[in-house]
Amino acid sequence: MQRYRENGGLRRHILVVDDEPINREILGNLLCKDYEVHYAENGKQALDILQEKEYVYSLILLDLLMPVMDGFELIEIMKDSETLRSIPVIVMTSEKDAEVKSIKMGAADFITKPYDMPEVILARCERIIELQEDKTIINAAEKDHLTGLYTKDFFTEYIRQIEKYNPEQKMDLMVLNIEHFHLINELYGHAEGDKVLICLADILSNMFQNIKGIKCRTEADYFYVYSETGIDYEDVLNRVLERLSAKIPSYHIHLRIGVYPDVDKTLMPENWIDRAKTACDRIRGDYSRHIAYYNNEFYEKSKYQERLINDIDNAIEARDLIVYYQPKYDIQGDEPKLRSAEALIRWKHPELGMISPGDFIPLFESNGLIQKLDRYVWKEAARQIGDWKKRYGISVPVSVNVSRMDIYYPKLRDDFMVLLKENDLDVKELMLEITESAYADNADQLVNVIEKLRNDGFMIEMDDFGSGYSSLNMLTTIPIDALKMDMKFIRNMQKDEKSMKLVELVLDIADFLQVPVIAEGVETEEQMQLLKERGCAIIQGYYFSKPVPPEEFEKFFN
């Protein structure tokens, strides 16, 4: 913008208002080289010109003492007008008292009569226009056009200003978000979504107007509030929901709040925002929790998880990720026989030691890195099956996990076929486990993918059956080759008659579907015998072995 000004790219319009022709002529001659100059003989004529809106005026040079309507009256009218108040006014007077009065009324500057310093007049006009244009640009960037709240950049800058003058004041950073806001836009249209955002902004503005702090809207449906500590955020949430429900009763809006209380003043405001937002996002989709607080424990956990995310590529390259194998035994004969194995990932970190799968698998499932992890396991498992075939001359089928995200990968079948070919494997030797929860996500697409995989010859196992997602009707449409019974039934079946009945029910369902049941988590002789008596074909668990590295697994071949 500055370069455009300097190069003369803008020729602005100035309105000179004076009842003396000689004054109009003097000012016109001074300004006409750089500006388009228009004239009015009094305030009434000037007002008519301004209301015609033929031109956009960048400045008004206004005499104060005029007939019909004087300069003071025009300033007063302009001050009350939404469209005219933004035009800067330079008053032209020789009276000191008038200068003070006009400045208090809103004039931007004054020029003393007589006009004996043309360079000063030009410089003042240029400076006032430049200041007003900069102010207009700043105002446009400062506030969110929809809600009137600060934009993020100005929000953080005003936080710095607050901290400059109140460094000892304890402050909180709150982030509020609308859960699944995109559904409102998709179901009811963007106009209705905007209505919700505007309403929420108004509610927050009213609730926090008597509290030291500022508010911001960013990223569509995220709202930030920087305010004094001591606020009851449960009360804030309840009041916001109550008022939203009263104003927009047709939508059942779910909100979540992340709070970074008593922010660490040694950090930057951007860090405070990140911490509050991290807390807010951590409870995304968790309808049992509405508020999360960022504290030292939260920080350490976040730092730990960030470390795992950053180290995943190095772990794959350095082979710190190790695929363990847990045997599955057929127990229906006189002696249990090794039937297959499940591939399970373990992480031996060079600095952190052994990392529990419970630490990194849910984390990678939530951020999409699970696909990278799955492909590593598939590749290692296929290589290991091929290695055992070459060295021992036996085939040990291994089941690998296929996550919900893998199902949507268009080259899934191609990748498996490449692995089989590279390791000289039969399609039955690499079995695929799909968790029960995946069947509830997009049943039609999942059925389509599974049917194609089964047509290719792959064996499909439904993992964690009984964990609460599937329906009996779904089982009649989904093609599977085995059910893996959730281990919580096994743990409780000797203590709880209901759990035993559920075990028997799962076995009956599998018998009806004509597929075997694989019981996970079997730890004792009694559990194994009970399952065998009730017709369970295959068991997996610590009764036979915990998951072990490939070299230890080889002892089961004998």
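Residues numbered from 1 in each chain as written. Predicted model: local features only at pLDDT ≥ 70, side-chain atom pairs only at ≥ 80, totals over all residues. Heavy atoms only, no water.

Draft legend 1. Quick peek at the packing of aromatic side chains. For the structure on display, the rule yields 22 aromatic pairs. Relative to phenylalanine 416, the ring of tryptophan 378 lies with its centre 4.5 Å away and its plane at 45°, an arrangement referred to as tilted. Of this pair, tryptophan 378 sits in helix α14 (residues 370–392) while phenylalanine 416 sits in helix α16 (residues 412–422); the two residues are 38 residues apart in sequence, bridging distant segments of the chain. The pair tryptophan 378 / phenylalanine 416 is uniform in exposure class, with both members buried. A connected cluster of aromatic rings, assembled from ring pairs, spans Tyr325, Tyr329, Trp388, Tyr392, Tyr543, Phe544, Phe553, Phe556 and Phe557. The side chain of lysine 277 reaches across the aromatic face of tyrosine 222, ending 4.5 Å from its centre. (Phe/Tyr/Trp six-rings, centres within 6.5 Å; stacked < 30°, edge-to-face > 60°. Helix = DSSP H or I, 4+ residues; strand = E, 2+ residues; numbered from the N terminus. Buried < 20%, exposed > 50% of the residue type's maximum accessible area, 1.4 Å probe, protein only. Lys NZ or Arg CZ within 6 Å of the ring centre and 35° of its normal.)

Draft legend 2. A look at unusual backbone geometry. The backbone of aspartate 262 shows a phi angle near 45°, a positive value even though the residue is not glycine. Tracing the backbone shows aspartate 262 in the loop between β9 (255–260) and α11 (269–282). With a phi close to 55°, aspartate 424 is a non-glycine residue in the positive phi region. Among the secondary structure elements, aspartate 424 is positioned in the loop between α16 and β15 (430–435). Taking relative accessible area as the criterion, aspartate 424 reaches 59% and is therefore assigned exposed.

Draft legend 3. Representation of the environment of glycine 258 within the structure. One can find glycine 258 in strand β9. In sequence terms glycine 258 and histidine 290 are 32 residues apart; their C-alpha atoms lie 8.5 Å from each other. In this structure, glycine 258 is in contact with Leu173, Met174, Val175, Ala276, Ala279, Cys280 and Ala292, ignoring residues within four places of it in sequence. (Contact = heavy atoms within 4.5 Å.)

Draft legend 4. Spotlight on the sheet that holds strand β5 (residues 109–112). Across the sheet, 5 strands lie side by side as β2-β1-β3-β4-β5; this open sheet has parallel pairing. Each end of this open sheet is capped by a strand with a single partner; those strands are β2 (36–40) and β5. Across this sheet, the average inter-strand angle for adjacent strands is 20°, counted without regard to direction. As paired strands, strand β1 (residues 13–17) and β2 are joined by 5 bridges and run parallel to one another. Looking at β2, one finds that leucine 15 is bridged to histidine 38. This element, helix α2 (residues 21–31), spans β1, β2, β3 (57–63) and β4 (89–93) of the sheet and lies at about 170° to β2. (Pairing = 2+ DSSP bridges. Axes fitted to C-alpha atoms, helices over the stretch in contact; angles between N-to-C directions.)

Draft legend 5. How the structure looks around the layout of surface pockets. Of the volumes computed, that of the largest pocket is approximately 850 Å³. For the largest pocket, the lining is made up of 29 residues, of which Glu342, Leu344, Arg346, Pro357 and Ile361 are closest to its centre. In this structure, the second largest pocket spans a volume of roughly 730 Å³. Broken down by secondary-structure element, the contributors of at least two residues to the lining of the second largest pocket are α11, α12 (296–318) and α13 (357–367). (1 Å grid on protein atoms, 1.4 Å probe; cavity = no way out; pocket = protein on both sides within 12 Å on 5 of 7 lines; lining within 4 Å. Points joined across faces, edges and corners; volume = space filled by probe spheres on them.)

Draft legend 6. Just the nonpolar core, in detail. By size, the foremost hydrophobic cluster in this structure holds 74 residues, and its most contacted members are Tyr325, Phe364, Phe416, Leu483, Leu531 and Phe553. Core analysis: the next-biggest nonpolar cluster, separate from the first, contains 30 residues, Met174, Leu204, Ile231 and Tyr251 among them. (Core = buried A, V, L, I, M, F, W, Y, C linked by side-chain atoms within 4.5 Å.)

Draft legend 7. Fine view of the pattern of salt bridges. Under the definition given, this model contains 38 salt bridges. In this structure, the salt-bridge partner of aspartate 486 is lysine 488, at a minimum N-O distance of 3.1 Å. One salt bridge connects glutamate 533 with arginine 534, and the closest N-O pair in it is separated by 3.8 Å. Counted as one network, the salt bridges with shared partners bring together Lys328, Glu342, Glu433, Glu461, Lys484 and Glu520. (Salt bridge = Lys/Arg side-chain N within 4 Å of Asp/Glu carboxyl O.)

Draft legend 8. Representation of the sheet that holds strand β8 (residues 222–228) within the structure. Taken together, 5 strands build an open sheet; the order of strands is β7-β8-β6-β9-β10 and the sheet is mixed. Edge positions in the open sheet fall to β7 (213–218) and β10 (291–293), since each of these has one partner strand only. Here the strands of the sheet are splayed against their neighbours by 15° on average, with no regard to which way each runs. As defined by bridge partners, β9 adjoins β10 across 3 bridges and the pair is classed as parallel. For isoleucine 257, the partnering residue across the bridge sits in β10 and is isoleucine 291. Contacts from helix α10 (residues 233–247) reach β6 (171–178), β8, β9 and β10, with the element oriented near 150° to β9.

Draft legend 9. Spatial organisation of a nonpolar patch on the surface. On the surface, Leu183, Leu187 and Tyr188 cluster together into a nonpolar patch covering about 320 Å² of accessible area. Following the sequence through the fold, tyrosine 188 ends up in helix α8 (residues 181–188). (Patch = residues over 30% accessible without salt bridge, like charges linked within 9 Å, V, L, I, M, F, W, Y side chains within 5 Å. Areas by Shrake-Rupley, 256 points an atom, 1.4 Å probe, with all protein chains shown as cover.)

Draft legend 10. Looking closely at the confidence of the model for the protein. When pLDDT is averaged along the protein, the result is 87, and 94% of the positions lie at 70 or above. Ranking the elements of the protein by mean pLDDT puts helix α1 (residues 2–6) last with 44 and strand β11 (residues 321–330) first with 96. This stretch, residues 1–8, has a pLDDT under 50; its non-local contacts, to residues over four places away or in other chains, come to 10 contacts. (pLDDT = per-residue confidence, 0-100.)

Draft legend 11. Representation of the pairing of β8 within the structure. In terms of residue burial, β8 counts as a mostly covered element, since 6 of its 7 residues are buried. Here β7 pairs with β8 via 6 bridges, running antiparallel. Note that in β8 the partner of threonine 218 across the bridge is tyrosine 222. Taking the residues between adjacent antiparallel strands as the criterion, β7 and β8 are bridged by 3 residues, where glutamate 219 takes a positive phi near 50°.

Draft legend 12. Structural detail: the side chain of lysine 215. Mapped onto the fold, lysine 215 is located in strand β7. The buried charged residue lysine 215 lacks any salt bridge partner; its closest oppositely charged side chain belongs to aspartate 202, at an N-O distance of 10 Å. Once residues lying within four places of it in the same chain are set aside, the contact partners of lysine 215 are Leu149, Tyr150, Phe155, Leu204, Ser205, Phe208, Tyr224 and Val225. (Lys, Arg positive; Asp, Glu negative; His and termini not counted.)

Draft legend 13. Just the packing of helix α7 (residues 152–165) against α11, in detail. Between α7 and α11, the least distance of the axes is 9 Å, while the angle of their chain directions is 120°. One element, α7, and the other, α11, form an angle in the oblique class. Facing α7, whose interface residues are Lys152, Phe155, Thr156, Ile159, Arg160 and Glu163, α11 presents Pro269, Glu270, Trp272 and Ile273. Residue composition of the contact of α7 with α11, by class: 5 nonpolar, 1 polar and 4 charged. (Parallel < 35°, antiparallel > 145°, perpendicular 65-115°, else oblique. Nonpolar A, V, L, I, M, F, W, Y, C, P; charged D, E, K, R; others polar.)

Draft legend 14. Region of the structure containing helix α22 (residues 525–533). Along α22, the positions that sit buried rather than exposed are Gln527, Met528 and Leu531. For α22, the angular spread of buried residues about the axis comes to 100°, placing them on one side. Looking at the buried side of α22, the elements it contacts are α20 (487–492), α21 (497–513), β18 (517–520) and β19 (538–540). Once α22 ends, the next one or two residues include glycine 535, with phi positive near 95°. (Arc of directions from axis to C-beta.)

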